[in-house]
There are 2 protein chains.
Amino acid sequence: MTEMMEIPPRSGTAFVLPAGAVLTVIDPCGQQVSDLVAFAQNDMREAISNGRTFDYEETIFLTTGNRLWSNKSQPMLEIIEDMVGRHDFLLTPCSEATFRHFYPGKPLHRGCMGNLVEALAPHGIVSDDVPTAFNIFMNVPVDGETGRLRVLPPLSKPNDSIRFRAIMDLVIGMTACSAYDSNGGSFKPIQYAITRD
Amino acid sequence: MTEMMEIPPRSGTAFVLPAGAVLTVIDPCGQQVSDLVAFAQNDMREAISNGRTFDYEETIFLTTGNRLWSNKSQPMLEIIEDMVGRHDFLLTPCSEATFRHFYPGKPLHRGCMGNLVEALAPHGIVSDDVPTAFNIFMNVPVDGETGRLRVLPPLSKPNDSIRFRAIMDLVIGMTACSAYDSNGGSFKPIQYAITRD
């Protein structure tokens, strides 16, 4: 039986995902975002790279069949199933600085960046090492003419999921997002499970 | 009189750009790309970040009035004049790996990545430190519906330019691009000048 883990609202976690294992990420309530970062377990300076991924996949919207690539031009994760079809790889994790900028009247929060740094600290990661995250379920439409982007509520419904297969041994950092705009103003948990096919 | 510097075809350079100085980048022949990266001179782990820039500028297409932000949420450069209006901040510098992937029949080249690493080595930078570059004059349209991107010849005409003002003391790395697609299959120089207003 597969154990289901839960990331409480506005928090984060980190774990090892061995090559070949499948990571299922579930949005139990719907309209919540999970920021995901990945590092090569044997070289923590190798991390997912939105730029390399956009290069090799030739799209900014990643879904089933697409792979997430590292800064060293190696595929790290493949999306093998996707019930939502819209995720973001443009924007960085929310942080104290983004809370100050976007929500000046709201209480300050360390955001996904602070949560990722704490969760990944046992793996030697500091904030400068955290790359632009793959923001699961985050809905950031882009106007192809002007380039303008907007952050809209996710398209995910309760219990929608996405599944990734690890292509190498990875250290994964993952959050239940802390920002107001990315989840429609509510804070919810994220669930995940690790399995073998 | 302002000294004009030239970056020969398929090469790179690095230099200090003090706060307040203006960097003018010129495409002398037209349809050439220059990959630009920037680091805080007093902390080389602070670098331009496409994700933070997209966050704060709320667009993927940067032009006059937009700023390039660092991974530490500080503005590094402001675009103060832009004769072309189309540049790319999605894609990583071309490298040996991208040459193998995109141009399997063509001679291998270390690309802008190799050129940036060599030019920035005296500043302590290694390849893992090189972020996604701001690719001056690079023309990468994005389909807002599908997310598909294409690399087309630049829109720059001979002697078109872009001007940046440094907001902090910076170390800049810059190239004359080595890839076939980004400059329409020809390799050309890039010129630049550093001035005070």
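Residues numbered from 1 in each chain as written. Chains lettered and ligands numbered in written order. Predicted model: local features only at pLDDT ≥ 70, side-chain atom pairs only at ≥ 80, totals over all residues.

Please explain the overall build of chain A as it appears in this structure.
In terms of helices and strands, chain A carries 3 helices and 11 strands. Against the compact-globule benchmark of 16 Å for 197 residues, chain A has a radius of gyration of 15 Å, which places it among compact chains. Across its three principal axes, chain A shows a C-alpha extent of roughly 45 × 40 × 35 Å. In chain A, which comprises 197 residues, the share counted as buried stands at 50%. Counting only contacts in chain A whose residues sit at least 6 apart along the sequence, the fraction spanning at least 24 positions is 73%. (Helix = DSSP H or I, 4+ residues; strand = E, 2+ residues; numbered from the N terminus. Rg over C-alpha atoms; globule rule 2.2 N^0.38 Å. Buried ≥ 20, exposed ≤ 12 C-beta atoms within 10 Å, placed from the backbone. Contact = placed C-beta atoms within 7 Å.)

Would you mind showing me how to read the environment of Ala166(B) here?
Residue and element names in this part refer to chain B. Topologically, alanine 166 is positioned in strand E9 (residues 160-166). We classify alanine 166 as buried; it has 21 C-beta atoms within 10 Å. What alanine 166 contacts, discounting residues up to four positions off in sequence, is Leu17, Pro18, Ala19, Gly20, Ala21, Leu23 and Leu77.

Would you explain the interface of chain A and chain B in this entry?
How big an interface is tends to be stated in terms of the accessible area lost upon association of its parts. Each partner contributes residues to the interface: chain A has 31 residues there, and chain B has 31 residues. For the side of chain A that touches chain B, the secondary structure elements donating two or more residues are helix H1 (50-57) and helix H2 (96-102) of chain A. Ranked by the residues each element gives to the side of chain A that touches chain B, the list is headed by H1(A), at 6 residues. Per-class residue counts for the side of chain A that touches chain B are 10 nonpolar, 14 polar and 7 charged. (Nonpolar A, V, L, I, M, F, W, Y, C, P; charged D, E, K, R; others polar.)

Would you take a moment to explain the environment of Thr175(B) for this structure?
The topology assignment puts Thr175(B) in strand E10 (residues 170-176). Linking Thr175(B) and Ala14(B), residues 161 residues apart in sequence, is a C-alpha distance of 8.8 Å.

How do you make sense of helix H3 (residues 111-120) of chain A when you look at a structure like this?
The α-helix advances 3.6 residues per turn, and as a result positions three or four apart in sequence lie on the same side. Residues and elements named next belong to chain A. Burial within H3 is extensive, with 9 of its 10 residues counted as buried. All of the buried residues along H3 are Gly111, Cys112, Met113, Gly114, Asn115, Leu116, Val117, Ala119 and Leu120. Contacts from the buried residues of H3 go to strand E2 (12-17), strand E4 (34-40), H2 and strand E10 (170-175).

What is the right way to look at the relation of the copies chain A and chain B in this model?
Look at the two chain copies: a rotation about an axis and a shift along it is all it takes to match them. Mapping chain A onto chain B leaves a residual RMSD of 0.0 Å; the transformation is a rotation of 180° accompanied by 0.0 Å of translation along its axis. Taken together, the rotation and translation describe the operation of a two-fold axis. By C-alpha distance to the rotation axis, the residue of chain A lying nearest is Gly144(A), at 2.2 Å. Most of the interface of chain A is mirrored in chain B: 100% of its interface residues are interface residues there too. (Least-squares fit on C-alpha atoms with pLDDT ≥ 70 in both.)

In this structure, what is going on with unusual backbone geometry? I would like to understand it.
The bulk of non-glycine residues show a negative phi, and the bulk of peptide bonds are trans. All names here are of chain A. Residue glutamine 31 is not a glycine yet carries a positive backbone phi of 55°. In this structure, glutamine 31 sits in the loop between strand E3 (22-27) and E4. Unlike most non-glycine residues, glutamate 58 shows phi in positive territory, near 60°. In this structure glutamate 58 comes out as partly exposed when scored by C-beta crowding, with 14 C-beta atoms within 10 Å.

Explain the nonpolar core to me, please; I cannot follow it from the model alone.
For soluble globular proteins, nonpolar side chains are generally found buried alongside one another. By size, the foremost hydrophobic cluster in this structure holds 112 residues, and its most contacted members are Ala38(A), Ile60(A), Ile172(A), Ala38(B), Ile60(B) and Ile172(B). Beyond its immediate chain neighbours, meaning those up to four positions away, Ile172(B) contacts Ala14(B), Phe15(B), Leu17(B), Leu23(B), Leu36(B) and Ala38(B). (Core = buried A, V, L, I, M, F, W, Y, C linked by C-beta atoms within 7 Å.)

How should the sheet that holds strand E11 (residues 190-195) of chain A be read in this particular structure?
Strand pairing within a sheet occurs via backbone hydrogen bonds; the two strands may be parallel or antiparallel. Residues and elements named next belong to chain A. Taken in spatial order, the 6 strands make up an open sheet running E1-E11-E3-E9-E7-E6, and their pairing is antiparallel. On the outer flanks of this sheet lie strand E1 (5-7) and strand E6 (67-69), each paired with one strand and no other. In this sheet, neighbouring strand axes are inclined to one another by 25° on average, regardless of whether the strands run parallel or antiparallel. Sheet topology places strand E7 (residues 75-82) next to strand E9 (residues 160-166); 5 bridges connect them, and they run antiparallel. From the neighbouring strand, aspartate 82 faces E9, where its bridge partner is isoleucine 162. (Pairing = 2+ DSSP bridges. Axes fitted to C-alpha atoms, helices over the stretch in contact; angles between N-to-C directions.)

It is not clear to me how the sheet that holds strand E1 (residues 5-7) of chain B should be interpreted in this structure. Could you clarify?
Residue and element names in this part refer to chain B. One open sheet accounts for 6 strands, arranged E1-E11-E3-E9-E7-E6; its pairing is antiparallel. If you trace the sheet from one side to the other, it starts and ends with E1 and strand E6 (67-69), each paired once. If you compare each strand with its neighbour and ignore which way they point, the axes differ by 25° on average. When E1 meets strand E11 (residues 190-195), the two strands line up antiparallel, connected through 3 bridges. Its bridge partner being in E11, isoleucine 7 is matched across the sheet by isoleucine 190.

Everything listed here is a matter of coordinates, which is why it stays silent on function.
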